[in-house]
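Reading the structure
Residue-level listing of the chains:
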Amino acid sequence: MIPELQADNRRFWTGGADGRLHVPYCESCASWVLPPEADCPSCDGALGVRTVSGEGTVFTYTVDRHPFNPAVPPPYVIAIVELAEQSDLRVAANIVDCEPDSVTIGMPVAVRFEEQQASGETVYVPVFAPLGATS
Ligand SMILES: [Zn+2]
């Protein structure tokens, strides 16, 4: 699930150390870009990084009931979350801290981070919980 860290995606996967989601942003055409890329797919402009609110809604999701990672017991929810900042700004992430069957399309969610080790680096994997839920 975690891609190899490179210049264009490192900030996205490690920026969560400060508890915020860092998303590539094109100043030239004022658009957010996910998944992270080297240049803006719309105008080839250089991408900077900005933090977003971390809030969004569940665009679509699936409940996985088959264990394929011993560290993650089923059932768990894999969702595409649409971030509040832009209508096509979407990120694939687990939905946590709620019953899988309670997840619905359009449900408001907020980001949090799970610290993991990947290829010897500490990464902060964004996951989402129902807005207002406490961890
Ligand atoms: Zn652009």
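Cut-offs applied
Residues numbered from 1 in each chain as written. Predicted model: local features only at pLDDT ≥ 70, side-chain atom pairs only at ≥ 80, totals over all residues. Heavy atoms only, no water. Helix = DSSP H or I, 4+ residues; strand = E, 2+ residues; numbered from the N terminus. Pairing = 2+ DSSP bridges. Donors = N, O, S within 2.8 Å, 3.2 Å for Na, K, Ca; no water. Tetrahedral: all angles 85-135°; square planar, octahedral: opposite > 155°, others 65-115°. Buried < 20%, exposed > 50% of the residue type's maximum accessible area, 1.4 Å probe, protein only.

In the nomenclature of an unreviewed UniProt entry, the protein chain corresponds to DNA-binding protein from the organism Mycolicibacterium hodleri.

This part covers unusual backbone geometry. Cis rather than trans, the peptide bond between L34 and P35 has omega equal to -5°. By the secondary structure assignment, P35 is in the loop between β2 (31–32) and β3 (47–51). With an omega of -5°, the peptide bond running from P74 to P75 counts as cis. One can find P75 in the loop between β4 (55–64) and β5 (76–83). Positive phi outside glycine occurs at D44, with the angle close to 60°. Positive phi outside glycine occurs at D97, with the angle close to 60°.

Below, the discussion takes up the pairing of strand β7 (residues 108–118). Taken together, the three bridges between β4 and β7 define a ladder with antiparallel strand orientation. Opposite E55, over in β7, you have A110 as the bridge partner. Relative to strand β8 (residues 121–130), β7 runs antiparallel, the two being bridged by 10 bridges. Across the sheet, the residue bridging to A110 is A129, located in β8. The hairpin turn running from β7 into β8, its antiparallel successor, is two residues long, and S119 in that turn takes a positive phi close to 50°.

Once that is clear, we can look at the coordination of the zinc ion. Around the zinc ion, the donor atoms from the protein are C26 (SG), C29 (SG), C40 (SG) and C43 (SG), and they sit 2.2 to 2.3 Å away. The site at the zinc ion holds four donor atoms, and with the angles between them running 101 to 118°, its shape is tetrahedral. Here the donor residues of the zinc ion share one chain and are spaced in sequence as C-x2-C-x10-C-x2-C. Taken together, the residues span a long stretch of sequence, with C29 in the loop between β1 (22–26) and β2 and C40 in the loop between β2 and β3 at a distance of 11 residues. On the basis of relative accessible area, C29 is assigned to the partly exposed category, the value being 32%. In this structure C40 comes out as buried when scored by relative accessible area, which is 1%.

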